[in-house]
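# Analysis of the macromolecular model
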Amino acid sequence: MDLTLELRLADNTAADRRSLRLEWSGNAALAPAKSQPRQLSASEIALMVKNGTEYMANGSIGAARMMFQAAAEAGEPAAAFALAETYDPLVLRKLGAKGGVTSDIALAHSWYERAKKLGSTLAPERLERLARIPE
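These remarks concern the structure in this document. All figures in this text were calculated on a predicted structure; none of them were measured in a lab. (Residues numbered from 1 in each chain as written. Predicted model: local features only at pLDDT ≥ 70, side-chain atom pairs only at ≥ 80, totals over all residues. Heavy atoms only, no water.)

## Structural notes on the nonpolar core
Inside soluble globular proteins, nonpolar side chains tend to come together where they are buried. Within the largest apolar cluster, 27 residues are counted, with the highest numbers of intra-cluster contacts made by Val49, Phe68, Ala71, Ala72, Leu83, Trp111 and Tyr112. Breaking this core down by element, the ones donating at least two residues are α1 (42-57), α2 (61-73), α3 (77-85), α4 (89-95), α5 (105-118) and α6 (123-131). When residues of this core are assigned to their parent elements, the largest contribution, six residues, is made by α3. Those residues in contact with Phe68, other than ones at most four positions away along the chain, are Val49, Gly52, Thr53, Met56, Ala79, Ala82, Leu83 and Thr86. (Core = buried A, V, L, I, M, F, W, Y, C linked by side-chain atoms within 4.5 Å. Buried < 20%, exposed > 50% of the residue type's maximum accessible area, 1.4 Å probe, protein only. Helix = DSSP H or I, 4+ residues; strand = E, 2+ residues; numbered from the N terminus. Contact = heavy atoms within 4.5 Å.)

## Focus on the packing of α1 against α2
Remark: α1 packs on α2, axes separated minimally by 8 Å, with the N-to-C direction vectors making an angle of 160 degrees. If you check the angle between α1 and α2, you find them roughly antiparallel. Crossing angle aside, the handedness with which α1 passes α2 is left-handed. Counting all contacts with α1, which are made through Ile45, Met48, Val49, Asn51, Gly52, Thr53, Tyr55 and Met56, the residues of α2 involved are Ile61, Ala63, Ala64, Met67, Phe68, Ala70 and Ala71. Across the contact of α1 with α2, the residue classes break down as 12 nonpolar, three polar and no charged. (Axes fitted to C-alpha atoms, helices over the stretch in contact; angles between N-to-C directions. Parallel < 35°, antiparallel > 145°, perpendicular 65-115°, else oblique. Left-handed = near helix turned anticlockwise from the far one by under 90°. Nonpolar A, V, L, I, M, F, W, Y, C, P; charged D, E, K, R; others polar.)

## Let's talk about α2
Along its 13 residues, α2 runs 18 Å from first to last C-alpha, staying within 8% of the 18 Å computed at 1.5 Å per residue. Of all the positions in α2, only Ile61, Ala64, Arg65, Phe68, Ala71 and Ala72 are classed as buried. The arc enclosing the buried residues of α2, seen along the axis, measures out at 140 degrees, which places them on a common side. (Expected span 1.5 Å × (residues − 1). Arc of directions from axis to C-beta.)

## Some words on the pattern of salt bridges
Throughout the structure, instances matching the rule amount to four salt bridges. The partner of Glu54 in a salt bridge is Lys50, with the nearest N and O atoms 2.9 Å apart. In this pair, Glu54 and Lys50 are both assigned in helix α1, four residues apart and thus about one turn of the helix distant. Residue Glu54 is classed as partly exposed on the basis of its relative accessible area of 38%. What makes Lys50 partly exposed here is its relative accessible area of 45%. (Salt bridge = Lys/Arg side-chain N within 4 Å of Asp/Glu carboxyl O.)

## Topic: the packing of aromatic side chains
Tallied over the entire structure, the rule returns one aromatic pair. Look at Phe81 and Tyr112: their rings are 5.4 Å apart centre to centre, the planes differ by 55 degrees, and that puts the pair in the tilted class. Within this pair, whereas Phe81 is found in helix α3, its partner Tyr112 is found in helix α5, the two being separated by 31 residues in sequence. By relative accessible area, Phe81 is classed as buried at 10%. (Phe/Tyr/Trp six-rings, centres within 6.5 Å; stacked < 30°, edge-to-face > 60°.)

## Let's talk about the environment of Arg17
Summarising the element assignment, Arg17 is placed in strand β2 (residues 14-24). The exposure class of Arg17 is exposed, given its relative accessible area of 53%. With residues up to four places along the chain from it excluded, the contact list for Arg17 reads Thr4, Leu5 and Glu6.

These figures come from the coordinates and say nothing about function on their own.
Here's what the structure looks like:
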């Protein structure tokens, strides 16, 4: 079964749309089929990182996270590193982040690890720094 899910804003405009495939399994239960994320071109990734950086500079951390996450999931090390920074309490404190934006050491660690695996040379130092933060 193919389903299409839409996220709609208050004015009923579609903000996002995703497809989902469900398949019947042998025990008659529904299970989501394995799907591959949409492949992004290098120019799309570069634009997402650029927009995410601009959002961060303007204090729109939530919007930056959305831009960086898509590019990071596509394998871009700089995006994974930048996404980790959006959860890093030291970075957020330095930016003076407000408006309900919260840090998350576990997510910062996870994305710094991903950035490191993708080839970021800056991520190992950030991982060490995170490890020194008292919980």
